[in-house]
4 protein chains.
Amino acid sequence: MARYRVLIDANDEKGLVYKVSKLFYESNFNILTNNEFVDKVNNKFFMRSVVDGDMEKEKLYDELVAVLPKDSRIKVIEPKKKNIVIMATKEMHALGDILLRHQEGELEANILGVISNYDTLEPLVSKFGIPYVCVSHEGLDRAEHEEKILAELAKFENIDYIVLAKYMRILTPRFVENFENKIINIHHSFLPAFIGANPYKQAYDRGVKIIGATAHFVNNNLDEGPIIAQDVTEVNHAYSWKDMQRLGRDVEKVVLSRALKLALEDRIFVYANKTVIF
Amino acid sequence: MARYRVLIDANDEKGLVYKVSKLFYESNFNILTNNEFVDKVNNKFFMRSVVDGDMEKEKLYDELVAVLPKDSRIKVIEPKKKNIVIMATKEMHALGDILLRHQEGELEANILGVISNYDTLEPLVSKFGIPYVCVSHEGLDRAEHEEKILAELAKFENIDYIVLAKYMRILTPRFVENFENKIINIHHSFLPAFIGANPYKQAYDRGVKIIGATAHFVNNNLDEGPIIAQDVTEVNHAYSWKDMQRLGRDVEKVVLSRALKLALEDRIFVYANKTVIF
Amino acid sequence: MARYRVLIDANDEKGLVYKVSKLFYESNFNILTNNEFVDKVNNKFFMRSVVDGDMEKEKLYDELVAVLPKDSRIKVIEPKKKNIVIMATKEMHALGDILLRHQEGELEANILGVISNYDTLEPLVSKFGIPYVCVSHEGLDRAEHEEKILAELAKFENIDYIVLAKYMRILTPRFVENFENKIINIHHSFLPAFIGANPYKQAYDRGVKIIGATAHFVNNNLDEGPIIAQDVTEVNHAYSWKDMQRLGRDVEKVVLSRALKLALEDRIFVYANKTVIF
Amino acid sequence: MARYRVLIDANDEKGLVYKVSKLFYESNFNILTNNEFVDKVNNKFFMRSVVDGDMEKEKLYDELVAVLPKDSRIKVIEPKKKNIVIMATKEMHALGDILLRHQEGELEANILGVISNYDTLEPLVSKFGIPYVCVSHEGLDRAEHEEKILAELAKFENIDYIVLAKYMRILTPRFVENFENKIINIHHSFLPAFIGANPYKQAYDRGVKIIGATAHFVNNNLDEGPIIAQDVTEVNHAYSWKDMQRLGRDVEKVVLSRALKLALEDRIFVYANKTVIF
């Protein structure tokens, strides 16, 4: 008996649920959970099923291809730990939160390593027995620095996701296109408010009464990728921007870990620069 | 072309989604939205579909009966305004919020009338051209009073839901059993905290930092019926219990209206003293 | 015995609390509540005290002037109903919420009238016995239309606040400068996200997971005035922008009423395009 | 120049703010922040000031005693790291969150050690170079076990706070009375809902739509001590109680750390089984 996560992203047409559930039924699959969503505006159909059955993975995939519209994007995934690499700069909270959850067994992930442009976080990471690679950006232009990081990433095999746990440097389109919808970033504001540098300072200057954080996939336009998760917390006039930053960290780490968990459990579809999350 | 909301509450077994989606497909229904949930603990299957098609309502019902397990509870509902009666005492906010939403056309409901044990709210209700019935409890014991209310309710035809919009008297089991899962109450606390009288006073005395409100169906045990919706808001030491009450009203009215909307749109299943909400 | 709200906005220097509390003490005032805040960045001191005592208002003011730094802004206010005019367009929820609260006696306000560029809301407003003035913008340019509204406003005496309860037209600087920090607007987004037209559509297109509303004073730059109150609510991929709009209304009306209440109770200081709220 | 946190808990009477601010002013103190609260119901006055000045701590204390009512509780505290001991059982998230914050320098605390009735958490704690004491309860009755824990606690000097980071055993009144308002516990429910064992199971069975966590001081009655901080998060019918537990952990750890931070910064007053928090 095997368990599969079946993900279908198709153009909508009549009978899709019928065809897939027929296949599951006749092949004697047991459906554990089933979620569907139809976007009427874009005529898109999304389905995620978790099923138990005896069919081989490749065969299930082929049968799904046979019944679904051409150009459907179909995934049949065996739940297992995904490989992630974390990139960080100097702040500890978001990275540390992931390390702790990993240690507690909460994440379906192997952490292959942590890459940083400083050595600040090395003591923390090494406590957890995880490889730490410092790739300083000093004396390098952006392209050179990214080249070195890409070289380090190439040493890891089969990276499923790169997690930017407060990695404070901008990634170029060239870097990003290597990892489409595979880079998860935490931005320390309630996007699209306060794009760019020092969002807590911006929030303080604007006098907002609520601050937030946003986890999103990274695409070519800074801070404009598909949003995965957001959360907020209240502030008032008595908060300096440093206070906001301190308070905001609690939101950042929880939102990033929540987004990472959704990704590891194959719950996210991306389209039209948005996410469908089951 | 007709639109139906199809609600299925069945014991779970393999193939339920298949059988229903087959029926929809072969009868040429178009599925607008589809939600399923399987409660593995209780082996229960719940499904709500909104479909467009040409089949008659009775025929669709019969066909569903034919393919689903015996003892399944099946509803085929044509979306139309439901009939509601509101019961209130003296407070205006929850009742007024429903009247306003009704006036704005936000609710799929006809308000048949408002029943109160005081005449306080008559001026408000009559502004909206809705019948107001005052059934004073003075000089009556609980049974006598309820008898008179039941008599008034009997004058309205086809009541779908009774909404207790801060009706501050306890209903007896005898009353309640006439309207199983048809009475929606707003309790002014985050249940099950602060069951019973004056929950804001209780909350103040306990020194909580968050207060809330709970909309639930009414059953025989006071404040213990299936919960439909809850929400909360923050307080602090500077709030008197009157302040909490004032602030809490905003939560009460929003939560009650939200629960009412879910009921009017046939989105609620009740079982095991809980709700499944799609 | 009189009650006063004393509001002090001064440049910070040593001894301000001492000097004010000395005055209260020696003049035999009883302090009911007292709030202070010092903004170290801008060297500003804010204080709001509610006091009971026998001194006349003008004398208290003069004594405060005598002990406080020059250029301090001092207000001694007797709590009483303030005069407000509401401006709206076609939507009912925010306006209706204020009318209900007013009827329930929750607001320290006289509603002098409602001005709209349509007659849509006249039936609702007249239910509550409040004057309704329709000033259509049809066939008028912006300046002409505003001129007519200003003429209507001039007929009301002593307006304390103008409340824009989903008034969907932009006000010019010329209009606004007549009512500095006296116009309270509700913007249907979590500002500064989604400035401008149709923020729910913008939010939908961006794929956010949380939507919000912002009450703020109106200044010359659209949607950029000092923020008074904000709140948010969660959405997901299944929400159309119309769904977001419907859900957002509940946030809008609560946030606007909360901001109005803060203003009516003299709890808001404005400076540096921000608010201090006690 | 020294900095002090001055905490005053007194019976209310006219002139308290005046007398304290006079003292600060005449002794040439600079007030950084100042908060007051008067509980009219209990006629209690609370004040917390952070001041900079040249007076010695003992002298400032004596001067305050001289001007304030007898029976006032006065504290003059120099901000410095407080000594804490953490007690835990097997769960890692709440303990780990404190260890990380400590490492990041966010907490004004020395962690003297961690005491657990299991050795499960030893590997985690030792990573951070903090003493770990395992006091197994096996074969011991409650009194004997506590005796051994008290003996271990006695080895640490000057404990300011004991933090129960998911310590899953009940403490007896005898234990608790040694540390009045010094033991901070995290309860995994929105108290007073779901007192006692397995609150997530209770919440699941009740069918709530929101779950929460509560940090409180421990007194003789289990889960009934003064509440310091609470927070909540939304759930729905699809959550098993294990899912609620997993989600709830994020709330637990943030709420406990927030409460701990308030305690370390001397922001909490306790009276009437409640807290005043500045």
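Another aspect to go through is the domain arrangement of chain A. All names here are of chain A. Here chain A is described as being made up of domain 1 (2-77) and domain 2 (82-277). Look at where the C-alpha atoms of domain 1 and domain 2 centre, and you get two points 32 Å apart. With 13 residues of domain 1 at the interface, the matching set in domain 2 holds 10 residues. Taken over both partners, the interface formed by domain 1 and domain 2 buries close to 940 Å², and the fraction arising from carbon and sulfur atoms is 57%. The tally of links from domain 1 across to domain 2 stands at 2 salt bridges. Remark: the boundary between domain 1 and domain 2 carries 6 residue pairs in polar contact (both at pLDDT 80 or more).

Let us look at the interface of chain A and chain C. With 32 residues of chain A in contact, the opposing surface of chain C contributes 32 residues. Around 2600 Å² of area is buried between chain A and chain C when both sides are counted, 60% of it from carbon and sulfur atoms. Taken as a group, R206(A), K209(A) and H237(A) account for 27% of the area that chain A buries against chain C, more than any other trio of residues on that side. For the pair chain A and chain C, the number of links is 0 salt bridges. The interface formed by chain A and chain C contains 14 residue pairs in polar contact (both at pLDDT 80 or more). No other element matches the 6 residues that strand 11 (residues 227-234) of chain A contributes to the side of chain A that touches chain C. For the side of chain A that touches chain C, the residue count by class is 18 nonpolar, 6 polar and 8 charged.

A word on the interface of chain D and chain C. Many analyses report the size of an interface as the accessible area lost when the parts associate. Contact with chain D, which involves 17 residues of that partner, is made by 17 residues of chain C. Here chain D and chain C share an interface that buries about 1600 Å² over both sides, 54% of which is from carbon and sulfur atoms. When the buried area of chain D at its contact with chain C is split by residue, K14(D), Y18(D) and Y25(D) rank highest and sum to 39% of it. Counting across the interface, chain D meets chain C through 0 salt bridges.

Least-squares fitting of chain D to chain C yields an RMSD of 0.0 Å, with the transformation described by 0.0 Å of translation along the axis and a rotation of 180°. Both copies of the chain, as the preceding transformation shows, are related through a two-fold rotation axis. Nearest to the rotation axis, the C-alpha of Y18(D) is located 2.9 Å from it, this being the minimum over chain D. The overlap is high: 100% of the interface residues of chain D also sit at the interface in chain C, so the same surface is used on both sides.

All names here are of chain A. One open sheet accounts for 4 strands, arranged 2-3-1-4; its pairing is antiparallel. For this open sheet the edge positions go to strand 2 (30-39) and strand 4 (73-77), each flanked by a neighbour on one side alone. Sheet twist, expressed as the average angle between the axes of neighbouring strands with direction ignored, equals 10°. Across 10 bridges, strand 1 (residues 2-11) lies against strand 3 (residues 44-53) in antiparallel orientation. Looking across to strand 3, one finds that Y4 is bridged to V51. Seen against the sheet, helix 2 (residues 57-67) touches strand 1 and strand 4 and runs at an angle of roughly 160° to strand 4.

To continue, consider a negative patch on the surface. Together, E56(A), E58(A), D62(A) and E78(A) line one region of the surface with negative charge. Turning to its location among the elements, E56(A) is positioned in the loop between strand 3 and helix 2.

The rules behind these values
- Residues numbered from 1 in each chain as written.
- Chains lettered and ligands numbered in written order.
- Predicted model: local features only at pLDDT ≥ 70, side-chain atom pairs only at ≥ 80, totals over all residues.
- Heavy atoms only, no water.
- Domains from an automatic or database assignment.
- Contact = heavy atoms within 4.5 Å.
- Buried area = accessible area lost by both parts, 1.4 Å probe.
- Salt bridge = Lys/Arg side-chain N within 4 Å of Asp/Glu carboxyl O.
- Polar contact = N/O pair within 3.5 Å; in protein donor to acceptor, adjacent residues only side chain to side chain.
- Helix = DSSP H or I, 4+ residues; strand = E, 2+ residues; numbered from the N terminus.
- Nonpolar A, V, L, I, M, F, W, Y, C, P; charged D, E, K, R; others polar.
- Least-squares fit on C-alpha atoms with pLDDT ≥ 70 in both.
- Pairing = 2+ DSSP bridges.
- Axes fitted to C-alpha atoms, helices over the stretch in contact; angles between N-to-C directions.
- Patch = residues over 30% accessible without salt bridge, like charges linked within 9 Å, V, L, I, M, F, W, Y side chains within 5 Å.
- Areas by Shrake-Rupley, 256 points an atom, 1.4 Å probe, with all protein chains shown as cover.
- Lys, Arg positive; Asp, Glu negative; His and termini not counted.
- Charge placed at Lys NZ, Arg CZ, Asp CG, Glu CD.

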